[in-house]
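Residue-level structure breakdown
Residues per chain, in single letters:
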Amino acid sequence: MPLGKSPSNSALHPENGDELPTGPLSGPSSIEWRRQRLLQIGNPSAEATETSSLRPNLETRAASYGTLPSDAHRRGGKQKSNFRARHGLGALPDLLIPKGRYTNPPTPSVLTPRSLRGSSYFAAQRPISAYDKPVGQETLEPEGAVKTNGIRVWYSSFTSIDWLHDAIKDSARQARLRRHRSKRGRMRRQLDRSIGWLTVTIIGFLTAVIAFLIVRGEQWLFDIKEGYCTSSVWKAKRFCCPVQDDTLFATRTPAFVTFALNPEESCPAWRTWGEVFAPMTSSEGGLFKQEAIEYAMYTVIAISLAILSALLTIHLTASTSFVTRKDSGVLSSTFATGNDGQKLTNPPAGSTAQRKVLYYAAGSGIPEIKTILSGFVIHGYLGGRTLFTKAVGLALSVASGLSLGKEGPFVHIASCVGNIVSRFFSKYETNEGKRRGILSAACAAGVAVAFGAPIGGVLFSLEEVSYFFPAKVMWRSFFCAMVAAMTLRFLDPFGSGKLVLFQVTYDKDWHAYELLPFLFLGVFGGVYGAWFSKLNYRWSRHVRNGTWLKRYPVVEVILVTLVTAMFSFLNPYTRMGGTELVYNLFAECRAGSSNTHSGLCVLDPPTQAIPVIRSIFVALLVKGALTIVTFGIKVPAGIFIPTLGVGACAGRILGVLIQWAQYSYPESAAFAVCKGDLNCVIPGLYAMVGAAATLSGVTRTTVSLAVIMFELTDTLTYAVPVMLSVLVAKTIADALEPKGIYDLVIELSQLPYLDAKHDYVWGSLQINDVTDRDVDVIRVDRENTVKSLRDQLQDLVESGNSDSGFPILRPDGDGMRMIGYIGANELEHALSIVADDPDQVITFHSTTPQHHGGMMASSISSLAETGSNIIGSDPYDFSCYMDQAPLTVQDNSPLELVQQLFTKLGARYVVVTDADGHYQGVIDKKTWLAFLDELEHKSD
């Protein structure tokens, strides 16, 4: 059946070559075009000021970004019986769509895609291909076609992907490639296999280059707070004043012999700000002391760097500023106002509180990466703008001296690189499931350049962030991490041949009596990790998001930076950068070395131990307290380095105490294995073990963290101490606080992350307790017109169920039997194509299975352009969009089966039937997550 023509159709054609949807397999059109098409259905003379989900009231509608439904215990109200109230869905507002009041319809050309594109610098969109487009130009014969479960058009932001659909589609693509047994066909298969390896190679190389630029930039910006290099203003202090690291003299000199030479005191090329402004100092008749000038310059530059980082993060990566044609035309953030703070504090009557605006470049990004890899879509979070802001903002925020690190955000940066590179290859661009395999490999590369640990990076991706990690992904992750580490080694960011600054090597073995101190460090790491997670969560929830700081994030950054600068001058260790502090704490004091590692080498414990311990303890308290209030501010920030610093301080203190005990009682039975060697105890080893234990307590990583530590020390000698402390720390932390810092951030941000590792106790609960029986359905025994389906779609959007769809039912005896399921995005796309005929009847049937590459996979652009009829392709038959084989469970099935369907199979929704196969209801992924959240809080 050809598409009908209408006078208004020409007005809706964008000008200057903008693409229109040409059929089921066309790429997404402009969201404004789709919105106007849906508004036009049944309303050729619609009023321009109408208010609905298709044209929201900009003054009252709060932007929603896929937040989970609020449960009763969070709202403080009573549990309600109906499903909408039980899951926190607001009442449907009144819709005003007047008819026939004006003779001329509103002119959509005023808001054409090109005019929208020119309205913002960042709104330029590249052409987007269809999600389920044909793999090749030729069409498969019917006997060679592979059955698929319907057509998917695109994934909108803050929706979950269909793992099953993407797996079936890739299987069909592989079957199509294998059909060709000629020499050309074999070459195409080899090329297809090589694309994955080429992709991860490019990702590893680019990740290392970006990491090199960030490290070099951060070093220069950090040192510029203290002064500049006179030989070259662009040189950081370590390149302006090269220091020989642990240079051994030719003769064997006892460790307790000190030298007058201090490398940090002899550097004529480096000029501090106190020396620059020497005429203003009191020694020359000036008004200020040199220390006061240096402190003022340090504070001003630090605050300036932090403010610049915060401004970049807030103004370039706010979630409301990202627009893509893949978003829904009825939910796009394009039509939200910029005053989100006001909308959140004064939500419209009858609506639920919406989640706060997200800033994509803020934080470490690992919790969001975990959510994305679990099958959630956040358009723009892994885009080019976020990559630029994250990289530049990270260098600025770390250089400001804040108690944060850059290692965690490297995972986010690598994932951005992986997403951008994968979009150039159609096998990943049009398959979200396969793209997540590339993102897992990119995460491994991010850890590899952060810690110089490619094997640890692969294990970190497997243990912490990845949701689906088959053998092929592991091999590619390993290769990607190797390329990244090798490239960074050649670039040499620190000028020392090391991948990371705090990479150390110990030349002594550990002893049996040291297992007890290592066990104590594990307990300390677990207790600190649990309480840090608790305090940071409470600070973020009740102070950062519960006071006026929520409306003024830049002011919070200024205050935190000012407090950090105030405490930075307590001693050299609080002023030292996080990476440099960890390096000095890890370092081994070698005999005869001229490098005392900023005075941390205790050569005479009776006289030097107490001052060193006091200084390290002050640094521990300052770094620990500042990290609690710093992690979560609106700048790119990681948690690895501050946590390693706290643990290293604790370990170094314990190591110095044991060294002091061995120095004072060398003949004790506990130190008999030392045989009188006064250099038997290595405080740096205790610092390394303490750092591993503390990081394990905060992040709850175990195997990957231990391997990272092995790679940092270039040896397996200390495998047992590290493994012992890490296991003890995780055990203690899990007992005190079941969730790590990343899981708490996910909960705080209300990200829909389904944890497959968590075990739930179902008790007497049944499937009927979670089944949504109130969901709107499409019945094939009734007349379903274009307009009626548009109204149903509008109701679905207003109810907050934009990530779901409509079960399609037919009567069967005393009940209804399901013949398929159509998603909201698919229905929106299909309705925008046939919007010119609002009274035309839409049909659904399950008699004709869809084939990959068959008739429905060919272009039907002539349907819209010329109105010609293609045999077998009825534009008003929406069966091609329908999932004709959805996952179903009987209502007497155990809840654990539903959990396995969502976690193991990656289902977006599960249909519930009775014993006779009659339709009962639907459980979509977000409903299931809300149910699990409510179950978890009841168990607590």
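Residues numbered from 1 in each chain as written. Predicted model: local features only at pLDDT ≥ 70, side-chain atom pairs only at ≥ 80, totals over all residues. Heavy atoms only, no water.

Observations concerning the pairing of strand β11 (residues 909-913)
The two faces of the sheet receive side chains in turn, since in a regular strand these alternate between them. Most of β11 is tucked away, with five of its five residues classed as buried. The alternating pattern of β11 places Tyr 909, Val 911 and Thr 913 and Val 910 and Val 912 on opposite faces, both of which are buried. Looking at chain direction, strand β10 (residues 888-890) and β11 are connected through three bridges and run parallel. What sits directly across from Val 889, in β11, is Val 912. (Buried < 20%, exposed > 50% of the residue type's maximum accessible area, 1.4 Å probe, protein only. Helix = DSSP H or I, 4+ residues; strand = E, 2+ residues; numbered from the N terminus. Pairing = 2+ DSSP bridges.)

Here we look at the packing of aromatic side chains
To describe a pair of aromatic rings, one takes the distance between the centres and the angle between the planes. For the structure shown, the criterion picks out 24 aromatic pairs. Seen from their ring centres, Tyr 228 and Trp 273 are 5.7 Å apart, and the 45 degrees between their planes marks the pair as tilted. You can see Tyr 228 sitting in strand β3 (residues 227-229) and its partner Trp 273 sitting in helix α8 (residues 273-276), a full 45 residues away along the chain. Judged by its relative accessible area of 15%, Trp 273 falls in the buried class. Measuring from ring centre to ring centre gives 5.2 Å for Tyr 360 and Tyr 381, while their planes differ by 65 degrees; the resulting arrangement is edge-to-face. Of the two residues, Tyr 360 is situated in the loop between α10 (340-345) and α11 (366-373) and Tyr 381 in the loop between β5 (376-377) and α12 (384-399); the sequence distance between them amounts to 21 residues. (Phe/Tyr/Trp six-rings, centres within 6.5 Å; stacked < 30°, edge-to-face > 60°.)

Focus on the state of the cysteines
Applying the stated rule across the entire model yields two disulfides. With its sulfur 2.1 Å from that of its partner, Cys 229 forms a disulfide with Cys 240. Handedness of the Cys 229-Cys 240 disulfide follows from its S-S torsion of about 80 degrees: it is right-handed. With Cys 229 in strand β3 and Cys 240 in helix α7 (residues 237-240), this residue pair connects regions lying 11 residues apart in the sequence. Here Cys 229 falls in the buried class, since its relative accessible area comes to 1%. Here Cys 674 is linked by a disulfide to Cys 680, with a sulfur-sulfur distance of 2.1 Å. Residues Cys 674 and Cys 680 share a disulfide whose torsion about the S-S bond is about -65 degrees; that sign makes it left-handed. Neither Cys 674 nor Cys 680 differs from the other in exposure class; each is buried. (Disulfide = S-S within 2.5 Å.)

As for the sheet that holds strand β12 (residues 919-924)
Pairing in this open sheet of three strands is mixed, and the strands run β10-β11-β12 from one edge to the other. Since the sheet does not close on itself, it has two edges, and those belong to β10 and β12, each with one partner. Within the sheet, the average angular offset between the axes of one strand and its neighbour, ignoring direction, is 30 degrees. (Axes fitted to C-alpha atoms, helices over the stretch in contact; angles between N-to-C directions.)

A closer look at the sheet that holds strand β6 (residues 778-779)
With mixed pairing, the three strands of this open sheet are ordered in space as β6-β7-β8. Looking along the sheet, the strands with just one partner apiece sit at the ends: β6 and β8 (815-823). Of the strands in this sheet, β6 and β7 (805-812) touch helix α28 (residues 786-798), which is tilted by about 125 degrees from β7. On top of the sheet, helix α29 (residues 824-833) reaches β7 and β8; it is set at about 75 degrees to β8, its chief contact. (Contact = heavy atoms within 4.5 Å.)

Quick notes on the packing of helix α18 (residues 515-544) against helix α23 (residues 640-664)
Packing of α18 against α23 leaves a shortest axis separation of 11 Å and a crossing angle of 150 degrees. Between α18 and α23, the interaxial angle falls into the category roughly antiparallel. In terms of crossing hand, the pair formed by α18 and α23 is right-handed. Of α23, the residues touching α18 (which contributes Pro 517, Phe 520, Leu 521, Phe 524 and Tyr 528) are Thr 643, Val 646, Ala 650, Gly 651, Leu 654 and Ile 658. Looking at the contact of α18 with α23 residue by residue, the class counts come to nine nonpolar, two polar and no charged. (Parallel < 35°, antiparallel > 145°, perpendicular 65-115°, else oblique. Left-handed = near helix turned anticlockwise from the far one by under 90°. Nonpolar A, V, L, I, M, F, W, Y, C, P; charged D, E, K, R; others polar.)

Function-wise, these values are silent; they only describe arrangement.
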